Amino acid sequence: MSKRVLLAAPRGYCAGVDRAVQTVEKALELYGAPVYVRKQIVHNKHVVSSLEKRGAIFVEENEEVPENAIVIFSAHGVSPAVHASAAARNLKTIDATCPLVTKVHNEVKRFAQEDLTILLIGHKGHEEVEGTAGEAPKNVILVDGLDEIANVKVPDENKVAWLSQTTLSVDETLTTVAALKKRFPNLMDPPSDDICYATQNRQVAIKQIAPKADLVLVVGSKNSSNSVRLVEVALEYGAKASYLVDFASEVDEKWLDGVETIGVTSGASVPEILVKDLLDYLNGKGFKDGCEVAFGAVGKGLITDLAKKRYDFKRMMKSPDYNTGWKKPRTGCIDRHYSWPGNTQ
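Residues numbered from 1 in each chain as written. Predicted model: local features only at pLDDT ≥ 70, side-chain atom pairs only at ≥ 80, totals over all residues. Heavy atoms only, no water.

J.: So what's going on with the packing of aromatic side chains? Which residues, and what values?
T.: Counted according to the given criterion, the structure contains one aromatic pair. Measuring from ring centre to ring centre gives 3.8 Å for Tyr 243 and Trp 255, while their planes differ by 5°; the resulting arrangement is stacked. Of this pair, Tyr 243 sits in strand S10 (residues 242-245) while Trp 255 is found in the loop between S10 and strand S11 (261-266), placing the two residues twelve residues apart along the sequence. (Phe/Tyr/Trp six-rings, centres within 6.5 Å; stacked < 30°, edge-to-face > 60°. Helix = DSSP H or I, 4+ residues; strand = E, 2+ residues; numbered from the N terminus.)

J.: Lay out the pairing of strand S6 (residues 117-121) in plain terms, naming residues and giving numbers.
T.: The element S6 is extensively covered by neighbouring structure, given that five of its five residues are classed as buried. Judged by which residues are buried, S6 turns out to be covered on both faces: Thr 117, Leu 119 and Ile 121 on one side and Ile 118 and Leu 120 on the other are all buried. Inspection of the sheet shows S6 paired to strand S8 (residues 160-164) by five bridges, in the parallel sense. Bridge pairing in S8 links Leu 119 to Trp 162. As paired elements, S6 and strand S7 (residues 140-143) share four bridges and run parallel to each other. Residue pairing for S7: Leu 120 is matched across the bridge by Leu 142. Regarding topology, helix H5 (residues 127-133) serves as the crossover connection from S6 to the parallel S7, and that connection is right-handed. (Buried < 20%, exposed > 50% of the residue type's maximum accessible area, 1.4 Å probe, protein only. Pairing = 2+ DSSP bridges. Right-handed = clockwise from strand over helix to strand, strands pointing away.)

J.: With reference to specific residues and values, describe the nonpolar core.
T.: Grouped together as the largest cluster of nonpolar side chains are 23 residues, with contacts concentrated most on Val 24, Val 37, Ile 41, Val 42, Leu 51, Phe 58 and Ile 72. At the level of elements, helix H1 (15-31), strand S2 (35-38), helix H2 (45-53), strand S3 (56-59) and strand S4 (70-73) are the ones that each hand at least two residues to this core. Looking at this core element by element, the count peaks at six residues for H1. Counting 20 residues, the second largest nonpolar core, distinct from the first, contains Leu 215, Val 245, Ala 248 and Leu 274. (Core = buried A, V, L, I, M, F, W, Y, C linked by side-chain atoms within 4.5 Å.)

As structure tokens, then:
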């Protein structure tokens, strides 16, 4: 039985996550430990643990931070109330909010100024949703799933707009929007899609791999919305099984029974070293052949191109620049029996 891995690209760190993590690292470098961070800077166990070892202290609320200390706001964004509570304690704040989340915050404020009711598609309790809704709590109604649409009540059905959490499933969001438009025919769209490009690209990549995979392994934490969505997308698009793991050590060997092809990807808050650890583990279990399959690009929230390239899997693994992510095509995929349409060796 030939065993192979299909490694999705892009995967792992997005620009917003990289920026947030570097913000904490730079603060520790400039000001020394401890540096306080409200909530997890990004939703990944390894990243949080690594920063804790360097002197970052993660707290749930500003009240846990000593007065006059430095506090960093996470990539998921915070509400004006959180900024106000920090000011009341004379905290020195550093805002690591992802720029795409900030964009959604600005859209909430603009819609609220126009006295619109905002239907925010997202997951109840997620930090991003709490921060976004907090920009205009009197105008925002959370829609967490299709089941809630029938119960949505608005003051004026002609003055309704929708926005979404940035890390949702593209397909699920489109389905929800379509259902909302049936309920509210004059529902206004945001100026551009709110689901971030990194989330969309990673979902597109796994959609292409899932039908060919007996098993899809997603590296990511359980509280990472975009990582959880990758598991759901993999199953929806044909993977026979899919699991979310923080570390290679969490893989159950029973999952590998009878498996020939494994798809591998990672959430947008996952450092590449964790993917490499998983690939090393799978290599030790006989999955020695594989391809890194690249997909892009996104424009205005719509997939405009799918670029498929073939890679030398073994050479990539040994490359000193492995952790830089994207690489030029090498000599071709080791598994010569598998061919993407339009690919050349």
